[in-house]
Amino acid sequence: MRISFRDADWDALARLWADFYPERYHVDANLLRINTVESPVFDWGASAIEVMDDETLGFVIVKRPATPMLWKGPNQDTYHIGAIAYREPETGVDLMTQAKRAVADRGAMQLLFGMDSRHFFPGCPEDCHNLCSFLMVEGFEKTGGHFDLERDLGDYVMPVEPAAGVEYRMASESDLQSLKAFFEEEFPGRWRHDVLEKISVEGADKTCFGAFEGKRAVGFALIQDWTHRQPIGGAVWHQALGEKWGALGPIGVAESERGRGLGHSVLGMALSNLKSRGVRNCIIDWTTLEEFYGRHGFQISRRYKAASLRLD
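Our subject in this report is the structure included herewith. (Residues numbered from 1 in each chain as written. Predicted model: local features only at pLDDT ≥ 70, side-chain atom pairs only at ≥ 80, totals over all residues. Heavy atoms only, no water.)

**A look at the pairing of strand β12 (residues 281-287)**
To keep it simple, the criterion reads: The cut-offs for exposure are 20% and 50% of the maximum accessible area for each residue type, with area from a 1.4 Å probe on protein chains only; residues under the lower value are buried, those over the upper are exposed, and the others partly exposed. Think of it this way: any DSSP run of H or I at least four residues long counts as a helix, any run of E at least two long counts as a strand, and we number them from the N terminus. In this analysis, strands are considered paired if DSSP registers two or more bridges between them. By the criterion used throughout, a crossover qualifies as right-handed when its path from the first strand across the helix to the second strand runs clockwise, the strands pointing away from the viewer.
Among the seven residues of β12, six are classified as buried, and the element is accordingly described as predominantly covered. Summarising the sheet, strand β7 (residues 141-152) and β12 pair through five bridges and their orientation is antiparallel. In the strand pairing of β12, R151 is matched with C282. Looking at chain direction, strand β11 (residues 246-253) and β12 are connected through three bridges and run parallel. In the strand pairing of β12, G246 is matched with C282. Since β11 and β12 lie parallel, the crossover through helix α9 (residues 262-277) that links them has a hand, and here it is right-handed.

**Observations regarding the pattern of salt bridges**
Going by this rule: The rule for a salt bridge is simple: a side-chain nitrogen of Lys or Arg has to be within 4 Å of a carboxyl oxygen of Asp or Glu.
Summed over all chains, the structure comprises 24 salt bridges. E167 serves as the salt-bridge partner of R169, at 3.2 Å between the closest nitrogen and oxygen. The exposure class of R169 is partly exposed, given its relative accessible area of 23%. Among the charged side chains, a network of salt bridges with common partners joins E213, R216, E257 and R260.

**Some points on the nonpolar core**
Test applied: Nonpolar cores are built from buried Ala, Val, Leu, Ile, Met, Phe, Trp, Tyr and Cys residues. Side-chain atoms within 4.5 Å join them into one set.
Residues F5, W17, Y21, F121 and W237 are the most contacted members of the largest nonpolar core, which totals 58 residues. With 29 residues, the next largest nonpolar core counts F147, A163, L271 and F298 among its residues.

**Focus: helix α6 (residues 190-202)**
To keep things clear, this is the line we draw: Helices are assigned an expected span. That span is 1.5 Å times one less than the residue count. By definition, residues are in contact when any of their heavy atoms lie within 4.5 Å.
With 13 residues, α6 should reach 18 Å at 1.5 Å per residue; the first-to-last C-alpha distance of 18 Å fits that figure. Those residues of α6 that sit buried are R190, H193, D194, V195, L196, E197, K198, I199 and E202. Each element contacted by the buried residues of α6 is listed here: α5 (176-186), α7 (204-207), β9 (208-213), β10 (216-225), β11 and β12. Within two residues after α6, G203 carries a phi angle of roughly 100 degrees, on the positive side.

Spelled out as structure tokens, the structure:
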């Protein structure tokens, strides 16, 4: 029987997730709820759960485009499969068929796996072999790769001297106007939305590490630790990171300030802040900058492939 997420048994969904995905991708029931029905772009009509005799046999999570509702950008009629899991492949096929039909009826031209707002996956994880095979059979095409990186911050030492003339510190509520202006100018899309939403939940002083010239923000790094209530980005994998987990990213500097080492300075100072909090294993997600982060001791831990399906 097909049911709505309004009637979800969240613990059962988390158990099915744990049976379907490798341990390094496990999430709990609370995070499942936050990243699905509590997301403003969750698609209630295309998402579904299959149950029989009170047993959860499968589910599919579908998200609508985040643009222009949440951040600037053209609405490309692109929908997202946030995740899918099933006991039997036939169940997965049926759920995917319903999802395709539902979004196509709304005019969707493309379906992506992951990359949604409040995402779990930034693409298809290469070590989820059952999922990769399923998506291939369903007609998804895989393209460029990206990855997560990790390192233990217990012995972290910043490999560069911080660029001079800049103040490096956690942001405060009094910095919000400067940060909003910075993001509007430099990163008006997804990064602006994700950082400001995170600040609204956790507070600027726990979330946004900044580089400031006077009152002007010139760089930032979103950082998280195990005390945060709503993990996002790579922090969704915190169960695999250990008790004193941390996460960093996105990170960026003003275009006018690039070329003087500010990127490494912000990264190093933000990592040092996480280390001072007691963070051990730290993740940086959804990137291709192995050399940049490798200078700070990070190594690739998970690999993903973008997976898309044309619906026209």
